[in-house]
Amino acid sequence: EGMALPQRILFVPEEICMDWQQRQRPGAGLCNLGSTCYINVILQCLTYTPPLANYLLSRDHSQLCHRQGFCMMCIMEAHVRKVLHSSDSVIWPRAVVRDLKFIGEEFEPDMAGDAYEFLRCALEAMQRACLSGSSDVNISSQTTTIIHQIFGGFLKSRVTCLRCQAVSDSYKAFLNVLLDIKAPSSLTAALEDFVAPKKLDGEYCFKCSKCEKVTASKRVTVHRVPKVFTVCLERAADHTGKKISKIVEYPEYLDLRPYMSDIAGEPLLYSLYALVVHSGDTCLDGHFFCYTKASNGLWYKMDDESVDNCGIHTVLRQQAYLLFYAR
């Protein structure tokens, strides 16, 4: 709706497999190369994302890639194969750290970074790699890459003029969702707040085609769901780096149907498979570690070099920062 049809389908959606094609014990831990824990947690969460791992382990990308120099998909393919197939208990993610400046200009070796920003930039770098050689395709075609079909969805923004009730709809592709947790104490409450109508007035007045600048109501909903739903629980209280340290409850299984543009229909169920935790007094320092569900169905705490078995009850009691859910 509101977008042109894709000129080309860059990856056939039927070829995306949501279940692990290879089941095994968890792979290696990752050596901290100097303030790189924020990188390690995202690499581990992406490694244990079943549809992405299945694709990368198939080597389909590298066999067809003709990109010269930096290619995030080739780097991730080599990394995932090394983590899951190596007999070593710890590996060094040197290739990722070496090419940090190509992933995001704000990242530098030996300097601390934010896990959410690295996730955002890593997904965008993989998306760019998938579009290499296809720059002439329209925007709709760009959302048919393997990366966007796994992680991407669409949000619908509906603005209603409160004077004449005129409605204006727009659509925006997304790869992850940022949620405000200052008030909500649970993921579901934060999602309810995310889709609740917001009043537009003052400097944010709506320019209605009939009534000029007027007060309006704006509601954002999930219009098309992704196969993998990634959520950031925003823990920065303000620009000073002060941290919101409260526990926000999150379920093992999540139904996205109540937050859709169309709430009628079957439940849209997702299962938690990874999460990132930040420990520290402020958002400007501290340490990142993560929990991931391996292909053997068991949960593991992954803290740089260490990989330790744990139970779901431990996983659900964390001060989560990033959550990863799969359809």
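Residues numbered from 1 in each chain as written. Predicted model: local features only at pLDDT ≥ 70, side-chain atom pairs only at ≥ 80, totals over all residues. Heavy atoms only, no water.

Looking at an unreviewed UniProt entry, one finds the protein named UBP42 hydrolase and attributed to Dasyornis broadbenti.

Caption draft 1: Highlighting the overall build of the protein. A count of helices and strands for the protein gives 11 helices and 16 strands. The C-alpha radius of gyration of the protein comes to 21 Å, within 12% of the 20 Å expected for a compact globule of 327 residues. Considered along the principal axes of its C-alpha atoms, the protein spans approximately 65 × 45 × 40 Å. Within the span of the protein, comprising 327 residues, buried residues form 49% of the whole. Put simply, 68% of the contacts in the protein that link residues at least 6 apart link residues at least 24 apart. Mean positive and mean negative side-chain charge positions of the protein (35 and 36 charges, respectively) differ by 4 Å. (Helix = DSSP H or I, 4+ residues; strand = E, 2+ residues; numbered from the N terminus. Rg over C-alpha atoms; globule rule 2.2 N^0.38 Å. Buried < 20%, exposed > 50% of the residue type's maximum accessible area, 1.4 Å probe, protein only. Contact = heavy atoms within 4.5 Å. Lys, Arg positive; Asp, Glu negative; His and termini not counted. Charge placed at Lys NZ, Arg CZ, Asp CG, Glu CD.)

Caption draft 2: Fine view of unusual backbone geometry. With phi around 60°, S35 is a residue other than glycine that occupies positive phi space. Inspection of the secondary structure puts S35 in the loop between β1 (29-30) and α1 (37-47). Despite not being glycine, R59 shows a phi value in the positive range, around 65°. Positionally, R59 belongs in the loop between α2 (50-57) and α3 (60-64).

Caption draft 3: A look at helix α10 (residues 187-195). Turning to α10, its buried residues number three or more, namely L187, A190, L191 and V195. With its buried residues spanning 130° around the axis, α10 presents them on a single face. The secondary structure elements touched by the buried residues of α10 are β5 (177-180), β9 (216-224), β10 (228-234), β11 (253-255) and β16 (320-326). (Arc of directions from axis to C-beta.)

Caption draft 4: Fine view of the nonpolar core. Among the nonpolar cores identified, the biggest contains 64 residues, and M73, F118, V276 and L322 are the most heavily contacted of them. The element best represented in this core is helix α7 (residues 115-130), accounting for 11 residues. Apart from the residues within four sequence positions on either side, L322 is in contact with I42, A115, Y116, L119, V231, C232, A274, L275 and V276. In this structure, A190, V231, Y250 and L275 belong to the second largest nonpolar core, which totals 35 residues. (Core = buried A, V, L, I, M, F, W, Y, C linked by side-chain atoms within 4.5 Å.)

Caption draft 5: Examining the packing of aromatic side chains more closely. Per the stated rule, a full pass over the model turns up 10 aromatic pairs. Summarising the aromatic geometry, the rings of Y38 and F118 are spaced 5.9 Å apart at their centres and angled 90° between planes, so their arrangement reads as edge-to-face. Placement of the pair is Y38 in helix α1 and F118 in helix α7, with a sequence separation of 80 residues. Take Y38 and F118: they sit in the same class, and that class is buried. By the ring-pair criterion, three or more aromatic residues cluster together here, those being Y38, F107 and F118. One residue, K301, lies across the ring of F289, its end atom 4.7 Å from the ring centre. (Phe/Tyr/Trp six-rings, centres within 6.5 Å; stacked < 30°, edge-to-face > 60°. Lys NZ or Arg CZ within 6 Å of the ring centre and 35° of its normal.)

Caption draft 6: Fine view of the side chain of N54. Among the structural elements, N54 can be located in helix α2. Among all residues touching N54, those that are not within four sequence positions of it are C17, D19, W20 and Q21.

Caption draft 7: How the structure looks around the pattern of salt bridges. For the structure on display, the rule yields 7 salt bridges. Its salt-bridge partner being E124, residue R120 comes within 3.5 Å of it at the nearest N-O pair. Placement of both R120 and E124 in helix α7 is noted, with a separation of 4 residues, approximately one turn of the helix. On the basis of relative accessibility, which here comes to 25%, the residue R120 falls in the partly exposed class. For E124, a relative accessible area of 31% corresponds to the partly exposed category. Taken together, the shared-partner salt bridges connect E106, E117, R120 and E124 into one network. (Salt bridge = Lys/Arg side-chain N within 4 Å of Asp/Glu carboxyl O.)

Caption draft 8: Broad picture of the state of the cysteines. Per the stated rule, a full pass over the model turns up 0 disulfides. C121 forms no disulfide, and the closest cysteine sulfur to it belongs to C232, at a distance of 13 Å. Just so you know, C310 is unpaired, no disulfide at all, and the nearest cysteine sulfur is the one on C290, 10 Å from it. (Disulfide = S-S within 2.5 Å.)

Caption draft 9: Region of interest: the sheet that holds strand β3 (residues 153-161). The antiparallel open sheet is built from 4 strands, whose spatial order is β4-β3-β9-β6. Taken across any chain shown, the strands that pair with only one partner, and hence form the sheet edges, are β4 (167-174) and β6 (198-200). Between one strand and the next, the sheet's axes are offset by a mean angle of 30°, whatever the strand orientation. Relative to β9, β6 is paired through 3 bridges, and the arrangement is antiparallel. Bridge pairing links L200 to A216 in β9. Taken strand by strand, α10 contacts β3, β6 and β9, and its axis lies near 125° from that of β9. (Pairing = 2+ DSSP bridges. Axes fitted to C-alpha atoms, helices over the stretch in contact; angles between N-to-C directions.)

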